[in-house]
Amino acid sequence: MKSNPIRLIAISAGMLIAFSFSTAVKAQTPAAWNIPAKFKTTKNPVAVNAGSVADGKDLFAKHCKSCHGAKGLGDGPKAATLDVSCSDFSTKKFQALADGEIFFQISEGKGKMPSFKKNIPDDNGRWAIVNYIRTLAAK
Ligand code: HEC
């Protein structure tokens, strides 16, 4: 069969369209968190004090800093390799979340954000991270 220039053009156009769709999907804003309402009022069982904040800081350095950055600005070295934002913990909008809601996000994860129920199996460890994250609010 002779190669037909019109057919070739049609195939290349098709590939171009398919390619632009795949990049459009990548650039999509991530799905909403859908945090169950009860987490708004779940009480943080770990008191805020120097000890729990230090524990949270250690866990954050080990498990979170690579993506979220030392100050939680979303600028860790791994962040550049992701196609979604790692958020910014210093903002009023983020800090307006309840402790329980942040605890849910850390526990369950979503998309590129891992779930930490297995890697930080102690609930109180994840609550201590919440206490540390509060210290990252913009002053
Ligand atoms: C592999 C990179 C990566 C690691 C490691 C990681 N995160 Fe995330 N995190 C993300 C990404 C990406 C998002 C945004 C997810 C989305 O919206 O789909 C996110 C979102 C969040 C959010 C919600 C932010 C908001 O604006 O609502 C919190 C809270 C959070 N991460 C805390 C943590 C904590 C605490 C750790 C460590 C225990 C951690 N993350 C480890 C990538 C990471």
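Bear in mind the structure is a predicted one, so any value in this text is a computation, not a measurement. (Residues numbered from 1 in each chain as written. Predicted model: local features only at pLDDT ≥ 70, side-chain atom pairs only at ≥ 80, totals over all residues. Heavy atoms only, no water.)

Caption draft 1: The arrangement of unusual backbone geometry in detail. Positive phi, normally seen in glycine, also occurs at Asn34, with a value near 50 degrees. Among the secondary structure elements, Asn34 is positioned in the loop between helix H1 (5–26) and helix H2 (50–63). In this model, Ser87 sits at a positive phi of 70 degrees, which is unusual for a non-glycine residue. For Ser87, the position within the fold is in the loop between helix H3 (65–68) and helix H4 (92–95). With a relative accessible area of 35%, Ser87 lands in the partly exposed category. (Helix = DSSP H or I, 4+ residues; strand = E, 2+ residues; numbered from the N terminus. Buried < 20%, exposed > 50% of the residue type's maximum accessible area, 1.4 Å probe, protein only.)

Caption draft 2: Quick look at the packing of aromatic side chains. All told, the structure shown has five aromatic pairs when counted by the stated rule. Look at Phe60 and Phe89: their rings are 6.4 Å apart centre to centre, the planes differ by 70 degrees, and that puts the pair in the edge-to-face class. A residue pair is termed long-range when its members are at least 10 positions apart, and Phe60 in helix H2 and Phe89 in the loop between H3 and H4 qualify at 29 residues. Summarising the burial analysis for this pair, Phe60 and Phe89 share the class buried. On the numbers, 4.0 Å between centres and 5 degrees between planes, the contact of Phe103 with Trp127 is stacked. (Phe/Tyr/Trp six-rings, centres within 6.5 Å; stacked < 30°, edge-to-face > 60°.)

Caption draft 3: Examining the site of the ligand more closely. In the region of the ligand, 25 residues are neighbours, and Cys64, Cys67, His68, Ser87 and Met113 sit closest. One nitrogen or oxygen atom from the side chain of His68 is found 2.7 Å from a nitrogen atom belonging to the ligand. Ser87 places a side-chain nitrogen or oxygen 2.5 Å from an oxygen atom of the ligand. If you list the elements that add at least two residues to the shell around the ligand, you get H3, helix H5 (99–108) and helix H6 (123–134). Of the residues forming the shell around the ligand, the biggest block, three residues, is contributed by H5. Among the residues making up the shell around the ligand, the classes are represented as 18 nonpolar, five polar and two charged. (Near = heavy atom within 4 Å. Polar contact = N/O pair within 3.5 Å; in protein donor to acceptor, adjacent residues only side chain to side chain. Nonpolar A, V, L, I, M, F, W, Y, C, P; charged D, E, K, R; others polar.)

Caption draft 4: Representation of H6. Under the 1.5 Å per step criterion, the end-to-end length of H6 is 17 Å for 12 residues, consistent within 8% with the ideal 16 Å. Of all 12 residues in H6, nine are buried, a share of seventy percent or more. Residues of H6 that are buried: Gly125, Arg126, Trp127, Ala128, Ile129, Val130, Asn131, Tyr132 and Ile133. Against H2, H4 and H5 lie the buried residues of H6. (Expected span 1.5 Å × (residues − 1). Contact = heavy atoms within 4.5 Å.)

Caption draft 5: Up close: the coordination of the iron atom of the ligand. The protein atoms that coordinate the iron atom of the ligand are His68 (NE2) and Met113 (SD), at distances of 2.0 to 2.1 Å. One can describe the donor arrangement at the iron atom of the ligand as octahedral, given that its six donor atoms subtend angles of 85 to 179 degrees at the metal. Here the residue His68 occupies a position in helix H3, and Met113 occupies one in the loop between H5 and H6, the gap between them amounting to 45 residues. (Donors = N, O, S within 2.8 Å, 3.2 Å for Na, K, Ca; no water. Tetrahedral: all angles 85-135°; square planar, octahedral: opposite > 155°, others 65-115°.)

Caption draft 6: Seen up close, the side chain of Asn131. Position of Asn131 relative to the elements: it lies in helix H6. Within the local environment of Asn131, its side chain forms a polar contact with the side chain of Ser52, the two groups lying 3.2 Å apart.

Caption draft 7: Seen up close, the pattern of salt bridges. Applying the stated criterion to the full structure yields five salt bridges. Between Lys40 and Glu101 there is a salt bridge, with its nearest N and O atoms 3.3 Å apart. Residue Lys40 is found in the loop between H1 and H2, and its partner Glu101 is found in helix H5; the two are separated by 61 residues along the sequence. Residue classification places Lys40 among the exposed positions, given a relative accessible area of 55%. (Salt bridge = Lys/Arg side-chain N within 4 Å of Asp/Glu carboxyl O.)

Geometric descriptors of this kind do not, in isolation, establish any biological role.
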